[in-house]
Amino acid sequence: MSLLLQGLALGVLTGGLYALLASGLSLYFGVMRVVMVAHPAFLFLAAYLAYTMHTAFAADPFLTLPVTVPVFFALGVAVQRLLLARLAPDNLAMMSVLLTFGIALTIEGLLGTVYTGSYKSISMDYATRSLTVGGVHLPYDKIIAFLVAAITLAALFAVLIRSRFGQALRATIQHREAARLVGIHTERVAGYGFGVGLATAAVGGTVLALITPFLPASHWAWIGKLMAIIVVGGLGSVAGAALAAVVLGVVEGLVLVTIDATWATMMFYVFLFLTLLVRPQGFFGGRLAHRF
Amino acid sequence: MSEAVLSLEDVEAGYGRAAPVLRGLSVTVGAGQVVCLVGPNGAGKSTALKVASGLLAPRSGRVVLAGRDVAGLSPQRLLGLGLAHVPQGHSVFREMTVAENVRLGGYTVRDPARLAERVEAVKELFPVVAERWGSMAGLLSGGQQKQVEFARALMLEPKVVLLDEPSMGLDPRATRVVFDQIDLMRRTGVAVLLVEQNARRALETADVGCVLDLGRVHISGPARDLAADPRLGRLYLGGAAT
Ligand SMILES: Nc1ncnc2c1ncn2[C@@H]1O[C@H](COP(=O)(O)OP(=O)(O)O)[C@@H](O)[C@H]1O
Ligand SMILES: [Mg+2]
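Scope of this entry: the structure provided in the associated data block. (Residues numbered from 1 in each chain as written. Chains lettered and ligands numbered in written order. Predicted model: local features only at pLDDT ≥ 70, side-chain atom pairs only at ≥ 80, totals over all residues. Heavy atoms only, no water.)

## A closer look at the site of ligand 1
All names here are of chain B.
Link 1 in the chain: All residues in the neighbourhood of ligand 1 are listed as Tyr15, Val21, Pro40, Asn41, Gly42, Ala43, Gly44, Lys45, Ser46 and Thr47.
Link 2 in the chain: Note that an oxygen atom of ligand 1 is positioned 3.2 Å from one of the backbone N or O atoms of Ala43.
Link 3 in the chain: Within the side chain of Thr47, a nitrogen or oxygen atom sits 2.5 Å from an oxygen atom of ligand 1.
Link 4 in the chain: Protein burial of ligand 1: of its 560 Å² of free accessible surface, 58% is covered by the chains.
Link 5 in the chain: Residues of the shell around ligand 1, tallied by class, amount to four nonpolar, five polar and one charged. (Near = heavy atom within 4 Å. Polar contact = N/O pair within 3.5 Å; in protein donor to acceptor, adjacent residues only side chain to side chain. Areas by Shrake-Rupley, 256 points an atom, 1.4 Å probe, with all protein chains shown as cover. Nonpolar A, V, L, I, M, F, W, Y, C, P; charged D, E, K, R; others polar.)

In structure tokens form, the structure reads like this:
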């Protein structure tokens, strides 16, 4: 029983982080109907930058954020405007995968050159300690990861729901033509949507660096997991992806403590296939999938 | 006839590098006038409206709005010049409330007092919209969604409204409401360019009818005469237009 509680608690904490990591993918898909394969590569680019901050300057990894968040935002806008927006609409889905695959390989290559191919990790002094509540051990690094993810997502939702830009972005995602007809510059908004998506990768990658060792090729393990989350959540729905992330995080945590790590990872794909079979539009909102 | 608010003159337009869809289309709408475009599926009716609202730039020809050639201007610009377009099918923002949808109709209005005033005006014009104000738009019935779309389109008090098959998929009661509102737009001096599959019903409401086929207007005239024109039936059955 306490084992299950442990799995549940860890699952919620990791699920919260997954929600942040997947939110960018949801945004990209929402605004452009593209799968941005390079998102996890950018996560690890942010992780390595946090690593450099920690090792070279002996500073807190989170101090990279004031630099990486705006830089990643600008990179996101650039990727959308200079590359994706120029692809022909007829084969956008296919070409965008090839293009972002290329970006992912480029980032991986650069990271390999600069940091070598061996594992790196950031160990903060709090990483080894944990909080014990009712027999359940909650490692501090996981708690911090969860809190940072929760705060970032809350900020993202506040922007999406309250701000004028957020209204325009959601309108663009939900009905692009109608959005243009009420006066929204949907091209510009799509660019900023990409910027916001990549900015979440700056935060997500920094957090990831605190809780797991990584090497330049680490992003490959993530693209599948994150894709599964956004499909289960309903393509293009940021809120749906967040819910799906927590649910899958919990399932993963429970399977991890009761069976093993291989099965835990497998759960993502089991849920992916189930979703595609039973409810291709996703379980938590998002009605974009059945437009294909 | 009243002075022209919107006219398409000898417009040629199409998608990408494909052959043109519109081949010399001309149509004119005056203030307080309802002009109905009818024609078989794929004739280019929706394309004509897209050209008029700036969603699609014409390859050649003129689009004149309130005396000014606006061909190739963006939808944002045309909106500011008094044009509104309710596209074919469902176009509400499904995962937003009715309130958010209607307020987005005033997206370009920066003055909150003015926005509030317009919101009140359209709520009065569309009772269903006021009733369902806090509901998620995607959960409304097809007829109610159309009302939200109309309300959103009228937020800026347009001079001309383009309606693309507004009665499509609606039950007879919701259809009647739609046509009553078109009639109301006319009485308030708005010019309406209406596209309809339901030609008989549309021609009862419209002042002028134009039969579009293969990207060009083949027959046009007073809607009442056109409704009785045997060529209309023949065209729909695939016969020659002349
Ligand atoms: N976005 C598009 N891209 C390419 N071709 C299109 C597009 N929209 C419409 N068409 C083509 O243009 C022609 C006219 O379409 P449309 O204007 O929608 O006709 P209607 O509204 O009269 O049924 C059709 O042959 C259709 O296939
Ligand atoms: Mg049409």
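## So, the nonpolar core
The tendency in soluble globular proteins is for nonpolar side chains to be buried side by side.
Link 1 in the chain: Met32, Met36, Phe42, Ile184, Phe194, Leu226 and Ile229 of chain A are the most contacted members of the largest nonpolar core, which totals 86 residues.
Link 2 in the chain: Once you skip the residues sitting within four places of it in the chain, Leu226 of chain A turns out to touch Tyr18, Leu21, Ala22, Leu25, His39, Pro40 and Leu43 of chain A. (Core = buried A, V, L, I, M, F, W, Y, C linked by side-chain atoms within 4.5 Å. Buried < 20%, exposed > 50% of the residue type's maximum accessible area, 1.4 Å probe, protein only. Contact = heavy atoms within 4.5 Å.)

## Some details on the coordination of the magnesium ion (ligand 2)
Link 1 in the chain: Of the protein atoms, only Ser46 of chain B (OG) and Gln88 of chain B (OE1) coordinate the magnesium ion (ligand 2), at distances of 2.1 to 2.2 Å. With Ser46 of chain B in helix H1 (residues 45-53) and Gln88 of chain B in the loop between strand S6 (83-86) and helix H3 (98-104), the pair connects residues that are 42 residues apart, well separated along the chain. (Donors = N, O, S within 2.8 Å, 3.2 Å for Na, K, Ca; no water. Helix = DSSP H or I, 4+ residues; strand = E, 2+ residues; numbered from the N terminus.)

## Here's the deal with the sheet that holds strand S4 (residues 60-65) of chain B
All names here are of chain B.
Link 1 in the chain: Across the sheet, four strands lie side by side as S2-S1-S4-S5; this open sheet has antiparallel pairing. Strands at the two margins of the open sheet, each flanked by one partner only, are strand S2 (22-30) and strand S5 (68-69).
Link 2 in the chain: Looking at chain direction, S4 and S5 are connected through two bridges and run antiparallel. In the sheet register, Val64 faces S5, and the bridge partner there is Asp69.
Link 3 in the chain: Along the sheet, H1 contacts strand S1 (4-13), S2 and S4; its crossing angle with S1, the most-contacted strand, is approximately 115 degrees. (Pairing = 2+ DSSP bridges. Axes fitted to C-alpha atoms, helices over the stretch in contact; angles between N-to-C directions.)

## Here we look at the packing of helix H6 (residues 164-174) of chain A against helix H8 (residues 186-211) of chain A
All names here are of chain A.
Link 1 in the chain: As a packed pair, H6 and H8 sit with axes 9 Å apart at the nearest point and diverge in direction by 105 degrees. In terms of their interaxial angle, H6 and H8 are classed as roughly perpendicular. On H8, the residues that touch Phe165, Ala168, Leu169 and Thr172 of H6 are Thr186, Val189, Tyr192, Gly193 and Val196.
Link 2 in the chain: For the contact of H6 with H8, the class distribution of residues is six nonpolar, three polar and no charged. (Parallel < 35°, antiparallel > 145°, perpendicular 65-115°, else oblique.)

## Some points on the interface of chain B and chain A
Link 1 in the chain: The partner chain A presents 18 residues to the 23 residues of chain B that form the contact.
Link 2 in the chain: With both sides pooled, the region where chain B packs onto chain A buries about 2,100 Å², and carbon together with sulfur makes up 55% of that total.
Link 3 in the chain: Per-residue buried area on chain B facing chain A is highest for Gln76, Glu95 and Tyr107 of chain B; these three make up 32% of the total on that side.
Link 4 in the chain: Counting every contact that joins chain B to chain A gives one salt bridge.
Link 5 in the chain: One salt bridge connects Arg170 of chain A with Glu100 of chain B, and the closest N-O pair in it is separated by 2.6 Å.
Link 6 in the chain: Viewed at the interface, chain A and chain B are joined by seven residue pairs in polar contact (both at pLDDT 80 or more).
Link 7 in the chain: Of all the secondary-structure elements, those providing two or more residues to the side of chain B that touches chain A are H1, helix H2 (75-80) and H3 of chain B. (Buried area = accessible area lost by both parts, 1.4 Å probe. Salt bridge = Lys/Arg side-chain N within 4 Å of Asp/Glu carboxyl O.)

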